[in-house]
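# Survey of secondary and tertiary structure
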Amino acid sequence: MTTIANSVAAALRELADYAEMAGEDFYKVRAYRRAADTLATWPEDLRALAEAGRLRTIPGVGEAIEKKIMQFLGTGHIEALDRLREEIPPGVLTLRRIPDVGPRTAFRLYAELGITSIAEAERAARAGQIRVLKGLGERSEARILKGIELLNRLSDRVLLAVALPVAGRLRQALRALPTVQAAETAGSLRRLAPTVGDIDLLAATENPALVVDAFTQFPEVAEVVSAGESKATVILQDGLQADLMALPPAHYGSLLQHFTGSQAHNVTLRGWARDRGFSLSEYGLAPLAGGEPIPCATENEVYERLGLAWIPPELREDQGEIAAAASGTLPHLVTDKAIRGDLHVHSNWSDGVNTIEELAQAAIVRGYDYIAITDHTKSLGVAHGLDEARFADRQRDIDALNARLAPFRILSGAEVEVRADGSLDLPDEVLSRLDVVVAAIHTGLRGEADRVTARIVQAIQNPHVDIIAHPTGRIIGERAAMEFDFDAVLEAAAAHGVALEVNATPNRLDLDGEHVRRAIQRGVRLVISTDAHRADSLDYMPFGVAMARRGWAEAADVLNTRPVDRLLVDW
DNA sequence: GCCGTTTTCGGCCCGACTGTTTTCAGTCG
């Protein structure tokens, strides 16, 4: 799913990394990064824009970056980047992955010691070669060594579903401290990002130093990385990093705003504030003209004073939410409560753990009106996929349960395999008797992009298919998304009224927010489903709702917010 | 390198913490 715009963005980011190390002007580096960020999500086709001579209509693209984009479109290279690549070996870039090693230190390790890899940096540190550099002493050397150990020990990011309970316990522990008036989780966790790199925590207290001190002594804390008057960073027993910032309650709103981020959102928001005569920080709004700073006790106040509606954390990714908040056009995001049923659930007829009745009861307990039992089909042998005869048997089971459980409704469904040639592994005649047909690719995920696209589009064209499951096939930390033409899939889905699934399984979260947004923009409808293989997993739903919200989805964009009669009428 | 109903030049987001320093640079979020 790499588009030309993504490739250009990647090249510009790399250029920024190199330029930063080479000591280029900070604002030049930032200009490259800003342009890269904008390009990565730019909806228009880059080649068409270039041909029309309209590249500079993209914000952040001026004369110099336009030239670089043209170079890339023409030759696949950017001259300035090629030159820097020759000057600085690519391995030097990787040094920045070491905590506390930034661009300047990385460059000096290379320029003065010839270090081009993390392994070499480790050897040099052990040999005591780093401490002799001006400005770096024994402690810096030890810090680098420790950073490398940390890097080797920690996996990059953890799943939202893993971090949330840990964060919840820490938040409770903070709230239980006597001087703490309020405590909240912030950062990417509060924005409900699919994965988080650390846990950010905030506390409102008249005695920040005391709270910071107490925090560093929580039993879950394995190691204190840094601790000051108002901030601390620790490593928890399970390897996660947690950051705390504490301030007096008068500042709590700006503190929450600041620590929730994202970084990109904050940068743009501060620019917005500056344009209106304020400097914004975690302490509040300070008039640029001088005068008393204005502390903000609530987050709403921060946005309000800047002439903006409060922005839901899930949207704070600098994807146009500030402009939308200014013009009163923020979406009314879909909520957990709006979901009336789960449309992708496996029973013990295939590879699920629970009986259909157990699943139905679990759905009833969760307040749902309906559930679709979507067992695997025969070609997925490993999952005890059902053949035509077993579907007929299962139908009798479902009919009997529906008679007993009404008005709750069990929908008879299947997760049908899309074969290599794009056909489905159940005959149309069987599909036509099902209430819900979910089509999915489980094999040939690494196929050529054109072929994968063609398979999905062909499945969409089958008149019985209602939903495409986990459309990109990514599994976080295990498998990248399939290479295919997402826009072509969106076009086909819109044309045939097929919904795309937002799969709520914590390590799938597929579609993610970015894809959801594109789908909505193209008029494609969504469903949010758990893909549960046991009754407990119906609780994954909020993670899927989170992805939909991050993609600006409203209830009307999501089919399973509808009552069952209005759900089936379109299918 | 980008940008402009105050500007085509002089701005550009803000502050904590650390280490190695006598005032600050680098890193991070």
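That block above? That's the structure.
To keep things clear, this report deals only with the structure shown in the data block. Treat the numbers as computed from the prediction; the structure is a model and nothing was measured.

What the five strands build is an open sheet, ordered S2-S4-S7-S6-S5; its pairing is mixed. Lying at the two open borders of the sheet, with one neighbouring strand each, are strand S2 (180-186) and strand S5 (221-227). Mean inter-strand twist for the sheet, computed between neighbouring axes without regard to direction, equals 25°. Pairing of strand S6 (residues 231-236) with strand S7 (residues 241-247), which is carried by five bridges, proceeds in the antiparallel orientation.

All right, on to the sheet that holds strand S12 (residues 409-417) then. With respect to topology, seven strands assemble into an open sheet ordered S10-S11-S12-S13-S14-S15-S16, the strand pairing being parallel. Pairing within the sheet leaves two strands with one partner each, and these edge strands are strand S10 (341-345) and strand S16 (526-529). Packed onto the sheet, helix H17 (residues 356-365) meets S10, strand S11 (370-376) and S12 and runs at close to 145° relative to S11. Sheet strands touched by helix H18 (residues 388-405): S11 and S12. Its angle to S12, the strand with the most contacts, is close to 155°.

Take the protein's contact with DNA strand B next. The immediate surroundings of DNA strand B are formed by 48 residues, with Arg 30, Gly 62, Thr 105, Arg 270 and Arg 274 found nearest. Counting only atoms of DNA strand B within 4 Å of the protein, the fraction found in sugar and phosphate groups is 78%. Backbone polar atom of Ile 65 to a phosphate oxygen of DNA strand B: 3.1 Å apart, as the coordinates give it. Within the contact set of DNA strand B, a phosphate oxygen lies 2.6 Å away from a side-chain nitrogen or oxygen of Arg 274. If you list the elements that add at least two residues to the surface near DNA strand B, you get helix H2 (26-40), helix H4 (63-75), helix H7 (103-113), helix H9 (138-153), S5, S7, helix H14 (263-275) and strand S8 (278-281). Broken down by element, the residue count for the surface near DNA strand B peaks at six residues, all from H2. Here the surface near DNA strand B is built from residues that sort into 16 nonpolar, 15 polar and 17 charged.

What counts, and where the lines are drawn
Residues numbered from 1 in each chain as written. Chains lettered and ligands numbered in written order. Predicted model: local features only at pLDDT ≥ 70, side-chain atom pairs only at ≥ 80, totals over all residues. Heavy atoms only, no water. Pairing = 2+ DSSP bridges. Helix = DSSP H or I, 4+ residues; strand = E, 2+ residues; numbered from the N terminus. Axes fitted to C-alpha atoms, helices over the stretch in contact; angles between N-to-C directions. Contact = heavy atoms within 4.5 Å. Near = heavy atom within 4 Å. Polar contact = N/O pair within 3.5 Å; in protein donor to acceptor, adjacent residues only side chain to side chain. Nonpolar A, V, L, I, M, F, W, Y, C, P; charged D, E, K, R; others polar.

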